[in-house]
Amino acid sequence: MSGAQTFLNRLEERVSERQAASLPEPTWIVARRQAAAARFEALGFPTRRDEAWKYTDVRRIGEGDFALARDAAFSKAAAAALTLPIEAIRLTFVDGLFSAELSDLSALPSGASVEPLSQALADNHEAVGGALGRLTGVEFSPFSALNTAFTEEGAVIRLAPGTVVELPIVLQFLSRANDAAVMSHPRVLVQAGARSQATVVEHYVGEADAANFTNVVGEILLERGAILNHYKLQEAPLGDFHIASLHVDQGRDSRFTSFNINLGGALVRNDLVSDLNAQGAEASYLGLFFAQGRQHVDNHTLVNHNAPTTFSNENYKGILGDRARGVFNGKVIVKRDSQKIEAYQSNANLLLSDRAEIDAKPELEIYADDVKCSHGTTTGQLDEKAVFALRTRGINEQTARGLLTLAFAGEVMEQVTVDAIAERVERTVAGKLPERFNLTELVDASLNEVHDTGLGEE
Amino acid sequence: MLEVKDLHVTVEGKEILKGLSLTVNPGEVHAIMGPNGAGKSTLSAVIAGNEGYEVTSGSITFEGQDVLEMEIEERAQAGLLLGFQYPVEIPGVKNVYLLKAALNAQRAARGEGEMPAPEFMKLVREKLAYMKMDPSFLQRAVNEGFSGGEKKRNEILQMLVLQPKLAMLDEIDSGLDIDAMKVVAEGVNSLRDSERAILMVTHYQRLLDYIEPDYVHVLVDGRIVKSGDKTLALELESRGYEWVTEESAA
Amino acid sequence: MATEEMEQLVRREYTQGFVTDIESETVPPGLDESVIAFISQKKGEPEWMLEWRLDAYQQWLKMKAPSWAHLNYPPIDYQAISYFSAPKSKDDAPKSLDEVDPKLLETYEKLGIPLHERAALAGVAVDAVFDSVSVTTTFKEKLGEAGVIFCSISEAIRDYPELIKQYLGTVVPKADNYFAALNSAVFTDGSFVYVPEGVTCPMELSTYFRINAANTGQFERTLIICEKQAQVSYLEGCTAPMRDENQLHAAVVELVALEDAYIKYSTVQNWYPGDEEGRGGIYNFVTKRADCRGDRSKVSWTQVETGSAITWKYPSCVLRGKDSVGEFYSVAVTNGRQQADTGTKMIHIGEGTKSTIVSKGIAAGNSEQAYRGLVKIGPRAKGARNFTQCDSLLIGDRCGAHTFPYQEIGNSSATVEHEATTSKIGEDQLFYCRQRGISEEDAVNMIVNGFCKDVFQELPMEFAVEAEALLNVTLEGAVG
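Since the model is a prediction, treat every value here as computed from it, not as a measurement.

Asker: Help me understand the pattern of salt bridges, please; the structure alone is not making it clear to me.
Answerer: Oppositely charged side chains are able to pair whenever their charged atoms sit close together. Going through the model one piece at a time under the given rule, you end up with 58 salt bridges over all chains. Linking Glu-25 of chain A and Arg-33 of chain A is a salt bridge whose minimum nitrogen-to-oxygen distance equals 2.2 Å. For Arg-33 of chain A, a relative accessible area of 7% puts it in the buried group. The salt bridge partner of Lys-360 of chain C is Asp-454 of chain C, with a shortest N-O separation of 3.9 Å.

Asker: Quick question: what am I supposed to make of the packing of aromatic side chains here?
Answerer: Remark: the centre distance and the inter-plane angle together describe each pair of aromatic rings, the angle taken between the planes. One pass over the full model with this rule turns up 36 aromatic pairs over all chains. Plain terms: the ring middles of Phe-7 of chain A and Phe-45 of chain A are 5.1 Å apart, the flat faces sit at 70° to each other, and that makes the pair edge-to-face. Of this pair, Phe-7 of chain A sits in helix 1 (residues 3-20) while Phe-45 of chain A sits in the loop between helix 2 (27-43) and helix 3 (59-62), and the two are 38 residues apart along the sequence. Of the two residues, Phe-7 of chain A and Phe-45 of chain A, both sit in the buried class. Measuring from centroid to centroid gives 5.8 Å for Trp-68 of chain C and Trp-312 of chain C, while their planes differ by 35°, and the two rings are tilted. Taken together, the positions of Trp-68 of chain C in the loop between helix 3 (47-61) and helix 4 (102-111) and Trp-312 of chain C in strand 11 (residues 310-313) put the pair 244 residues apart, joining distant regions of the chain. Residue class for Trp-68 of chain C comes out partly exposed when judged on its relative accessible area of 46%. What links up through ring pairs into an aromatic cluster is the set Tyr-57, Trp-60, Trp-68, Tyr-73, Tyr-78, Tyr-178, Phe-179, Tyr-283, Phe-285, Trp-312 and Tyr-314 of chain C. Here Arg-269 of chain A stacks its cationic end above the ring of Trp-53 of chain A, 3.9 Å away from the centre of that ring.

Asker: What exactly am I supposed to notice about the packing of helix 3 (residues 95-109) of chain B against helix 5 (residues 148-162) of chain B here?
Answerer: The description of two helices packed together rests on the angle between their axes and the distance between the axes. Residue and element names in this part refer to chain B. At a closest axis distance of 10 Å, the pairing of helix 3 and helix 5 adopts a crossing angle of 35°. The chirality of how helix 3 crosses helix 5 is right-handed. Between helix 3 and helix 5, the contacting residues are Asn-95, Leu-98, Leu-99, Ala-102, Leu-103 and Gln-106 on the first element and Asn-154, Leu-157, Gln-158, Val-161 and Leu-162 on the second. Partitioned by chemical class, the residues of the contact of helix 3 with helix 5 number 7 nonpolar, 4 polar and no charged.

Asker: Can you walk me through the interface of chain B and chain C in this structure?
Answerer: Interface size is often expressed as the accessible area that is lost when the parts come together. In this complex, chain B contributes 38 residues to the contact, which on the side of chain C involves 21 residues. Interface of chain B and chain C: buried area, both sides summed, is about 2400 Å²; carbon and sulfur atoms make up 60% of it. Where chain B packs against chain C, one counts 4 salt bridges. As a salt-bridge pair, Glu-51 of chain B and Arg-434 of chain C come within 3.6 Å of each other at their nearest N and O atoms. In this structure, the connection of chain B to chain C is made through 14 residue pairs in polar contact (both at pLDDT 80 or more). Every element with two or more residues in the side of chain B that touches chain C is listed here: helix 1 (40-48), helix 2 (72-78), strand 6 (80-83), strand 7 (90-94), helix 3 and helix 5 of chain B. In terms of residue count, the dominant contributor to the side of chain B that touches chain C is helix 3 of chain B (7 residues). Residue classes in the side of chain B that touches chain C are distributed as 23 nonpolar, 8 polar and 7 charged.

The rules we used
- Residues numbered from 1 in each chain as written.
- Chains lettered and ligands numbered in written order.
- Predicted model: local features only at pLDDT ≥ 70, side-chain atom pairs only at ≥ 80, totals over all residues.
- Heavy atoms only, no water.
- Salt bridge = Lys/Arg side-chain N within 4 Å of Asp/Glu carboxyl O.
- Buried < 20%, exposed > 50% of the residue type's maximum accessible area, 1.4 Å probe, protein only.
- Phe/Tyr/Trp six-rings, centres within 6.5 Å; stacked < 30°, edge-to-face > 60°.
- Helix = DSSP H or I, 4+ residues; strand = E, 2+ residues; numbered from the N terminus.
- Lys NZ or Arg CZ within 6 Å of the ring centre and 35° of its normal.
- Axes fitted to C-alpha atoms, helices over the stretch in contact; angles between N-to-C directions.
- Left-handed = near helix turned anticlockwise from the far one by under 90°.
- Contact = heavy atoms within 4.5 Å.
- Nonpolar A, V, L, I, M, F, W, Y, C, P; charged D, E, K, R; others polar.
- Buried area = accessible area lost by both parts, 1.4 Å probe.
- Polar contact = N/O pair within 3.5 Å; in protein donor to acceptor, adjacent residues only side chain to side chain.

By themselves these figures say nothing about function.
Written as structure tokens, this is what we have:
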């Protein structure tokens, strides 16, 4: 039995289950499910012969057998330890299933709606059907097709024009250490009306021994003047497979900022795509990935400058230790007649070990002449002059290297405006750094000091 | 020599010059002064042919030729040369190339042959020395990495090599310390003779201590509201521009 | 610009070279083993060479033409090509310069090509033999004294079989890629250079020497071997656009540098780019690779590419020796409907290896251009360094410029830097130059030449001057 067939069988089981339980489904979902399954069957899992998957081998996923979770049980105490300690509007999913118990929508302001996909479908499936799948279909990748075939749950966020949501909206995806590995195919849909403003956090985290497969597809539609900060904090268990694509459609003068932080997972692939469709639209991509052991993290980004006077700026940093492998593929496309474009891209990587590898491919595809585009990538080691300077201040060499590694990540992290995320990442990075750097205590102590003295409070 | 009549100019739909007239004869030095935003730089840019400006009415003639009908390079070849306020950097193109290409283009326009290399180098070295510039400067790319003062000296050096009939200097004194200004002024003064004219645009009277103008014009809100001799500049220095504005409004 | 010197240099007489034998036979279009046997026999090759070719052919049959490049062209019918043709029949050729495309002649004029050479370049059927025996003899003697072997690859196969057996196909294996496999099966011409230990080749070796052999250069094969501490500078190509009936060119160039050897390989490529509608024009699919086998060896590729309808070319360096150095300097100019997908590969294997890539692309008209490069740092390449600078200049809004750099870095002590920019010629720069009386076209040329300066300064002097003139001609009509 081929790998793809295993997944199709699982789908068939699930469909019969739903039928047996007489769970109603809108006909458009059924039709899309069938089309997507057919597409996935035709494509199969990508191989390294596909240019988009040249450096990422997904056989470990394709050859696996993942069940679908049956319930969303998760101890409250265990969840609390994983949850970001911030006041937020929060939806929690456990292995892809919605957990009302671990969710909190009490702070939701008027004009904003945040609900699980199942709920949104039950309320008014037609309102969801129009937007869901508008930005990405089954063609994007076999994983998108697979996700579409399995679509059942996820998050739907809708902001009425002019709505400003002060608190972050956190979508928390928990992965359990199950007896048998499970998979989930969540959808995230954000519709931000004109001049609305919000911060959305996708947080992937779970029990240390988990080994599940998450395959998420997100779509974000920004209307005129909408401002959205999107955080992805991926701290999945080290046994998890994580495949994600996020598609953003930007209207006039809209601003989208993505913080794509990847610290966890055994095999991780992120695709981030923005279409800048009207003048004044601006996309900023900030990314940090830190992999060690045998982790594999692949980040693909694509900015389509489809309209004149649009701007993009990208800065990704990667740190790789042990036998980890990182991939960065950033692409900027400037369409014909999209004049007055400014696009900047930068990618810097740090290799901490001789057995780590980074494959970087920054691409520019430009069909208009009145553009300012540049990209740069560097891979190297720490600045020896800086190491020396710290040592002259009495800091031992290992700690100096640790601090500089932290500072390397800091260039991206200092732009993070949600303190809890910045802090979490700083602690995690410090903790992930080789023990010889001896940073954990230093970072913990200084972060605690900030709290004790109240310096961190607004 | 230069005749500007009732010139109206708009930039991106906004009228900047609103009926400006000016006559410059050979041998004369004119200074155009005025407050910020009056349209001083617009005038020289339009004469030079900057395509960002739209002439809606009026005329500019130079030695009887209709300037507005001429291409940018034709104007330069005819002897109208602009010293830029912000000279642009051209990476990779050496100064010596620019000078030679420009000089030969102008000679060709006059029906003269190219200047032989030794003669050209002699001329350039002489002018360099005059501007107190190092010969190594010729091998550097045009304005690339130049300080503000170096850029301005470079503008005057080009004038000295190209010997324009009408030299237009747009805020040539901005950003110069007093020593650099003296060198620049000396360069400009060396261009003065009975066949040539100079049109300076400046915000400050200071420059006029070094390059004495025959005429001073005050440009306010797109029009020349007052003309006089160099004493007018001194008056502007002590009294500011407001009184001229008020006087002309009255 | 120092116009006089330039003209002087451009107008200088080409140094003339040897004449290849004129073969009188031609095989009909099509490719099979008998055609390969025919080629091998015509070249008087030994049996082992034929077997080598046949093996390549068998592998080629199993391969598919690559489709990953950013290029668009109709499929090539490999059975419609004649793989062994004597210089084309004089009946089809223009009888005199009056019959030649006047545009081509205008270009020759601008490049300052001597009159008698124009006819030959344009393919006029004259008995043009530029070769003067004395010149040939002089340089052959000079090279002979130094112990340098410089001859056609066919001669080398006959006269130096041991060297050929030892090195041919060791840098670019027979089945390296589709076009290399095809070349390995059917190559008919090319150069062979061998520089013995400790010898610095006393002169720049140039394919100018064989200007009248241009017609047979469809599947060229070049092999250059530099022994320990030896040095050579090799110049390939010609600034004049050559009229050529062969639409497909698939050359293979192999360079081998042993300990402390230095090979400088410079190319000016100006094959016919096709007419304004993109008809005709050469498809140039080239495999060029250098193997820096020895410690501290160095190979430098410099290229100026202005011709061909389609260019597919990635001169590469395999940096095997400790502290070996690879360099790639490239200017590619496309106009009209030209397409170029070009770049380089730097494979760092040895410790302390260094590479530099400077690529300048200029796209005008409706042309499309892509830089595609690979920098690979292997796990043993401790302290390896790469610096890549990759700039594109766009002229007009119907062209495209693309950058696809691949970096695969597997050593923590490596330093790899890549910078790329895409921009247009600034309006303010043009205004500034025109305000000095320089015409728009001249201003563009000046700015473009300035943009390419970093590469031109790597070219041998005579090439550098020609390259500037060539750029100006290629970009004619690109502005305004």
